[in-house]
Amino acid sequence: MSPWYARNMPFFFLTFFFPPLALLLLVWQWDKFTTDRGVKLFFAVGMTVFIVFGLLPRGTLPVILPIIFGLIALKLVLNVIRRKKG
């Protein structure tokens, strides 16, 4: 069963208002998104880039990007560990 935010309209609003959060949820719950993963990933990355480079105050980019990439790397490491165990 897909999470409630995986439906089109909730994911659109989540991505529009909180793009980094939507991107992290998409990466974190990648296996639960059964349909339209590519479209949602494209939209989430696009909105995240727009927000990070366009709307955030100057000087926050060096803080935000390592957090986003660190969480994505953590998820990938956890996936590798889970595959080796099971």
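Residues numbered from 1 in each chain as written. Predicted model: local features only at pLDDT ≥ 70, side-chain atom pairs only at ≥ 80, totals over all residues. Heavy atoms only, no water.

Caption draft 1: Summary view of the overall build of the protein. Across its full length, the protein holds four helices and zero strands. Expressed as a percentage of its 86 residues, the buried residues of the protein come to 26%. Pairs at least 24 residues apart make up 52% of the contacts formed inside the protein by residues separated by at least 6 positions. Accessible area of the protein: about 6300 Å², with a carbon and sulfur share of 73%. (Helix = DSSP H or I, 4+ residues; strand = E, 2+ residues; numbered from the N terminus. Buried < 20%, exposed > 50% of the residue type's maximum accessible area, 1.4 Å probe, protein only. Contact = heavy atoms within 4.5 Å. Areas by Shrake-Rupley, 256 points an atom, 1.4 Å probe, with all protein chains shown as cover.)

Caption draft 2: Region of interest: the nonpolar core. Judged by nonpolar contacts, Phe-11, Leu-14, Ala-22, Leu-23, Leu-26, Val-27, Phe-33, Ala-44, Ile-68 and Ile-72 together constitute the single largest core of 10 residues. Residue assignment for this core shows that the elements contributing at least two residues are helix H1 (8-17), helix H2 (19-28) and helix H4 (61-85). The element best represented in this core is H2, accounting for four residues. (Core = buried A, V, L, I, M, F, W, Y, C linked by side-chain atoms within 4.5 Å.)

Caption draft 3: Expanded view of the environment of Phe-42. Tracing the backbone through its elements, the reader meets Phe-42 in helix H3 (residues 37-55). On the basis of relative accessible area, Phe-42 is assigned to the exposed category, the value being 68%. The sequence separation of Phe-42 and Leu-23 amounts to 19 residues, and the corresponding C-alpha distance is 9.6 Å.

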